Amino acid sequence: MIPYTVNIKLAARTLTGTLNLQNKTAVDWGWQGLIAQGCHSSILIIDPKTAQTIQVLERHKANVVKVKWSRENYYHNLSSPYCLRLASGDASGKIIVWDVVSGTAHCEIQEHSKPIQDLEWLWNQDASRDLLLAIHPPNYIVLWNGDTGTKLWKKSYAENILSFSFDPFDPSNMALLTSEGIVFITDFSHSKPPSSAGKKVYIASPHASPAHTKPAPAAAPAPTGAKKALNKVKVLITNEKPTAEAVTLNDCLQLSYLPSKRNHMLLLYPREILILDLELSQTVGVVAIERSGVPFTQVIPCAQRDALYCLHENGCITLRVCRSTSAQEEAAEQSVQELVYDLRSQCDAIRVTKTVRPYRMVICPVNENKAALMVSDGRVMLWELKAHTGRSGLSPLYSPVSFCGAPLGPNQKRIQDLSLNSMISQTLIAGEALPPSSNQQEVQLKFLLTGLLSGLPLPPFAIRMCPPLTTKNINHYQPLLAAGTSNGSVLVYNLTSGLLHKELSVHSCEVRGLEWVSLTSFLSFATSSPNNMGLVRNELQHVDLPTGRCFAFRGERGNDEPPIEMIKVSHLKQYLVVVFRDKPLELWDIRTGTLLREMAKNFPTVTALEWSPSHNLKSLKKKQMAAREAMARQTVSDAEQSSVESSVISLLQDAESKSETSQAISAREHFVFTDTDGQVYHITVEGNTVKDGARIPPDGSMGSIACIAWKGDTLVLGDVDGNLNFWDLKARLSRGIPTHRGWVKKIRFAPGKGNQKLLVMYTDGAEVWDTKDVQMVSSMRFGRNVNYRILDIDWCTSDKVVLASDDGCIRVLEMAMKSASYRMDEQDLTDPVWCPYLLLPRAALTLKAFLLLQPWSGTFTMDITQVDMKSVLQDSELSLLQRCLLVSRLFGDESDLNFWTVTSHYLQLFAQARQLSVTSEGGSDETQPPSQNHLDICHDILCESSYFQKFQLDRVHLQEVKRSSYEHTKKCADQLLLLGQTDRAVQLLLETSADNPSYYCDSLKACLVTTITSSGPSQSTIKLVATNMIANGKLAEGVQLLCLIDKAADACRYLQTYGEWNRAAWLAKVRLNPAEGSDVLKRWAEHLCSPQVNQKSKAILVLLSLGCFYKVGEMLHSMRYFDRAALFIEACLKSGVMEAAFLDYARLLRSLGLREGAALWASRAGSAGEQLMEELFQGEGGVPEAVLGEDEVEVGLESTE
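Residues numbered from 1 in each chain as written. Predicted model: local features only at pLDDT ≥ 70, side-chain atom pairs only at ≥ 80, totals over all residues. Heavy atoms only, no water.

- As annotated in an unreviewed UniProt entry, the chain carries the name WD repeat-containing protein 11 and comes from Xiphophorus maculatus.

Structure follows, in structure tokens:
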């Protein structure tokens, strides 16, 4: 048998059940690797790797409607450590920011009393990492400091705001989804509220506007579903308010920016997803559902690949990936029509009923290859995306042959399916060659269900804790709680771990009550609904837990009789009383399962009943032992074996008597009950004889008695008017206390010798009383300090109570009955959880340093989580850059991940370039060689220029196909001019119709574009005109003219002067040669570092993409990012350039206690490092680095723990 360790002290916890409709949107999967989910007024924290609930946060009084994990987009050190911060908003308008590990609140925020519509932490965390933006209905957005709870600013808008979405590429852009349309804000800042009211655009519903319903020509064939959808959304976004009938159908469910490419947004409708290009305000892609298909309820766009996770109304999750535009020849003309998202994988649907429906899906933000589905019945289904080789009918998907951003070594170990971008390679764009087929495998994707959490079923519950822990049963005790449910099943929970131990389908109707008859078996009863004569079918089942065997305890009895009111088991678990509503009680022997007595017809009606704790088992055992000892002495003296010591005999006798007493002895037990007049009867049961005892006349001050509890010499009666009567049987005193709380439903004494605490349940709450001093210890009341009603109560240990409530939860609480979150360090989890955020700040950073680099020991040693992870981290083939990337994924550290992804790409790129330039003895440092894999387009401006240009051309091509008005055509022509595609631009300019006011202007422009020659005078004229235009506020037109005469560098300079930094960077990427381009981008990086912009982390990434590695190292060091700087320079292998960073990293390692690591880095830091070396080893005669052996390393590691 598995050895148990008995946890005598149970942690307070909450077992949760079904969700409320208001909890529908309250779920979030954070960078920290945990899922937060609202359940009524509590918040569950779930670890998706092991499918365990590791924390329940309780402080909200109303239903939780939104939860959001804070972003981890900042540099972590001891002053800003890895910590679990969560913001939650409820239906009463309160926002709480939590410290999840301790379960306490950082701050509470209240502005209005309406439900919070949306919450989001600001993702650009260079300035501050605790800014929280909230929508307070109907139309306010407020920026809060999530650490202190102070309001930074508040702004109101004209319409009701439903939700918002931040632009993941530019922190100053956001979009609000309002009841009428979309509001775009371009001047969002944390320091002041947006000054303008934003640009409003209206969504003409795809179904209603008359332009879309024009009859098709009779000759044309009827369009298919996809074509229909395409016609529908020709025009979607208009600046003027649409007509009344067009607005009524505005059923847009969701709006969000695409994190995979800049300036794209998706709108979700029940039957289609629209992809908009915001530069044109034009639909460039549609995902439509066929007529018979299941409508969408939610969509989550991915960042690593242009892919969408969609949730459908039947709980099915589908993954759609954007098809490559460089498609095969036969589909050439169709490939440019629009962005097509192919269905690549789908998971199984769930059975949807009235009470069971899918609510929300969340995906893992770090790896984007796991999804979790929340179901309204409290289930959480954890799906994982797996790639396997195989061909699909669609255009092929390939798996990249690299691991953590670097090409895979020949014998290198790798982690399968680490993240979405390591499972499928990039979507190709027009003009790109297909990858050579030799080194890439075609893959298919499938979903696997890797975890399932289930909650309690719908209330009501009947609960009963198993018999208490004693010194006799301590070796095999398990704290089990049985909960009977309304559908007839009994759930048994182990309260040490809070996990479901067994679910037994015992009855066919609602379970009314349970009583344990041993540590592993219980009796439960259920009654069906009454027929027209008021009779029911009673089921009384005996259940044995280890085997799961159930049998009907009353045999064939139970059909068409009055309902069972209660069952009571005697203290020695020998006898059972079954009380009926209008029928005399029955008395059973539990051990033999026989009916001892059915009372006579004139027996009084029982209103309350309790067994007495006193019995004569001890005296019976003594008598039996005495008799046996006498017999033993007799046999010994007969055989004259006086040499046998009496102690041995008594031991033998002990063993024999123990085995027999349990069957043979029938001890005498008593019970008391009251009738409708309040008279107390006393009845004795011994073996199969039943005797009537004394009767005590009713107490005049009490109403009809509803319940009795008896322990030791104290007997307590509770009545329907809320009076408690305490009897001291020894002193023969009685004392009545009116509680004024109405009907006393149940009273129970706490377990444990001499523990005289009493738990009382009323219709509106519960109280704990101390019967020794007859005074109340604690109280809870519905509407006053809790927002749920109590359905059932019990003690689970001598100092903790367990309550079942109508919000579908079962709570284990301290005696004070204050609902509180539990501390994570008290948890007794079944599976270990990997989450560095749960560690103390110092421990988390030590672990990170330990995983990143152990140069002092030569080989990597560790004992951490999953085996595959461990073998990969110990693999000698794993390069430093790959290790840094892997660890930032393990830690869910957003800023680290961005930094190392870009670093890894450009370091490899420039290293290749250097090799090439060495071989060709020429070429500057700035040339960028063609590389097989580019940086994903989600990095936008950071991508290589060649790839970025291709992408922009591809995009304009698509915009051109999609344009539907003069406005669109004009924008396309402008873009083409900037991109240098003059011929195509002229064609568009000449399309302007003669009745258009700008016909003349456009025609002249077309002539100008075609006749421009590079002769000196025309150039200088055009340049003069352009500068005048710019000076007079026509910036865009001036820039176009400058681009026409190949003066794009000047154009960029003007754009930057006028504050159009993003536009300048874009133009530099698509038009300038590397040398000029890098000047422009360097100026931009300086601007980003300025105090008023304060986006240094972005500036660092820009400098990385230019290959300014020395500058990056300096900046990292000046920002005090010592470990990142040291590792970066180590990766650059620019030996000796940045000794100061080495030195500070050595100091940091010393402060963490990793002395050998500190010594190594100090030894690299030149003369300054020698001083630190002396400090490190003073008193040891200066240990040189080379002498350090394995033993010292071990010691060094132990001292860190």
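Quick look at helix H22 (residues 1122-1132)
Stage number 1. Buried residues dominate H22, accounting for 9 of its 11 residues.
Stage number 2. Buried residues of H22: Phe1122, Asp1123, Arg1124, Ala1125, Ala1126, Leu1127, Phe1128, Ile1129 and Cys1132, and no others. (Buried < 20%, exposed > 50% of the residue type's maximum accessible area, 1.4 Å probe, protein only. Helix = DSSP H or I, 4+ residues; strand = E, 2+ residues; numbered from the N terminus.)

Some points on the packing of aromatic side chains
Stage number 1. Evaluation of the coordinates by the stated rule reveals 18 aromatic pairs.
Stage number 2. Ring centres of Tyr575 and Trp611 lie 6.1 Å apart, and the angle between their planes is 20°; on these two criteria the pair is classed as stacked. Here the residue Tyr575 occupies a position in strand E43 (residues 575-580), and Trp611 occupies one in strand E46 (residues 608-615), the gap between them amounting to 36 residues. Residue Tyr575 shares its accessibility class with Trp611, and that shared class is buried.
Stage number 3. Centroid distance Phe673 to Tyr681: 4.8 Å. Interplanar angle 5°. Geometry classified as stacked.
Stage number 4. Judged by relative accessible area, which is 0%, Phe673 ranks as buried.
Stage number 5. Put simply, the rings of Tyr575, Phe603, Trp611, Phe671, Phe673 and Tyr681 pair up and form one aromatic cluster.
Stage number 6. The side chain of Arg789 reaches across the aromatic face of Phe782, ending 4.0 Å from its centre.
Stage number 7. The ring of Phe899 carries Arg1124 above its face, with NZ or CZ at 5.1 Å from the centroid. (Phe/Tyr/Trp six-rings, centres within 6.5 Å; stacked < 30°, edge-to-face > 60°. Lys NZ or Arg CZ within 6 Å of the ring centre and 35° of its normal.)

So, the sheet that holds strand E34 (residues 462-465)
Stage number 1. If you walk across this open sheet you meet the 4 strands as E34-E35-E36-E37, and the pairing is antiparallel. This sheet does not close on itself; its edge strands, each paired only once, are E34 and strand E37 (499-505). For this sheet, the mean inter-axis angle between neighbouring strands, taken without regard to orientation, is 20°. (Pairing = 2+ DSSP bridges. Axes fitted to C-alpha atoms, helices over the stretch in contact; angles between N-to-C directions.)

Side note on the side chain of Asp675
Stage number 1. Inspection of the secondary structure puts Asp675 in the loop between strand E47 (668-674) and strand E48 (680-686).
Stage number 2. Arg695 is the oppositely charged side chain nearest to the buried, salt-bridge-free Asp675, at an N-O distance of 7.1 Å.
Stage number 3. Separated by 2.9 Å, the side chains of Asp675 and Tyr681 make a polar contact.
Stage number 4. Look past the residues within four positions of Asp675 in its chain and what remains in contact with it is Pro604, Thr605, Thr607 and Tyr681. (Lys, Arg positive; Asp, Glu negative; His and termini not counted. Salt bridge = Lys/Arg side-chain N within 4 Å of Asp/Glu carboxyl O. Polar contact = N/O pair within 3.5 Å; in protein donor to acceptor, adjacent residues only side chain to side chain. Contact = heavy atoms within 4.5 Å.)

Digging into the pairing of strand E6 (residues 64-69)
Stage number 1. Burial analysis of E6 places 6 of its 6 residues in the buried class, the great majority of the element.
Stage number 2. Across 5 bridges, the pairing between E6 and strand E7 (residues 85-90) is antiparallel. The partner of Lys68 across the bridge, within E7, is Ala87.

Quick look at the sheet that holds strand E12 (residues 140-145)
Stage number 1. Within the open sheet, the 4 strands sit side by side as E10-E11-E12-E13. Their pairing is antiparallel. The strands lining the two open edges of the sheet, one partner per strand, are strand E10 (118-121) and strand E13 (151-156). The sheet shows a mean angle of 15° between the axes of neighbouring strands, taken without regard to direction.
Stage number 2. Direction of pairing for E12 relative to E13: antiparallel, over a ladder of 5 bridges. Paired with Tyr140 across the two strands is Ser156, which belongs to E13.

Things to note about the pairing of strand E14 (residues 161-166)
Stage number 1. The element E14 is largely enclosed, with a buried count of 5 among its 6 residues.
Stage number 2. Strand direction decides the pairing type here: E14 and strand E15 (residues 174-178), joined by 5 bridges, are antiparallel. Paired with Phe166 across the strands is Met174, a residue of E15.

Structural notes on the pattern of salt bridges
Stage number 1. Within the structure shown, the criterion is met by 51 salt bridges.
Stage number 2. The partner of Lys746 in a salt bridge is Asp792, and the shortest N-O contact between them spans 2.6 Å. With Lys746 in strand E54 (residues 744-749) and Asp792 in strand E58 (residues 790-797), the pair connects residues that are 46 residues apart, well separated along the chain.
Stage number 3. A residue is classified by how much of its surface remains accessible, and Asp792, at 3% relative accessible area, is buried.
Stage number 4. A salt bridge links Glu814 to Lys800; its shortest N-O distance comes to 3.6 Å. Of the two residues, Glu814 sits in strand E60 (residues 810-814) while Lys800 sits in strand E59 (residues 800-805), which places them 14 residues apart along the sequence.
Stage number 5. Three or more residues are tied together by salt bridges with common partners; here these are Arg554, Arg557, Glu561, Lys583, Glu586 and Glu598.

Some words on the packing of helix H12 (residues 966-978) against helix H18 (residues 1061-1071)
Stage number 1. Where H12 meets H18, the axes come as close as 10 Å, and the angle between the chain directions of the two elements is 55°. Of the possible angle classes, the one that applies to H12 and H18 is oblique. The segment H12 lies against H18, with Gln975, Leu977 and Leu978 engaging Arg1063, Trp1066, Leu1067 and Arg1071. (Parallel < 35°, antiparallel > 145°, perpendicular 65-115°, else oblique.)

What to know about unusual backbone geometry
Stage number 1. Note that the residue after Pro137, namely Pro138, is joined by a cis bond; omega there is 0°.
Stage number 2. Position of Pro138 among the secondary structure elements: in the loop between strand E11 (131-136) and E12.
Stage number 3. A cis amide bond, omega 10°, links Pro459 with the succeeding residue Pro460.
Stage number 4. With respect to the helices and strands, Pro460 occurs in the loop between strand E33 (441-453) and E34.
Stage number 5. Even without a glycine there, the phi angle at Ala51 is positive, about 55°.
Stage number 6. Note on placement: Ala51 falls in the loop between strand E4 (42-47) and strand E5 (52-58).
Stage number 7. With phi around 55°, Asp1046 is a residue other than glycine that occupies positive phi space.

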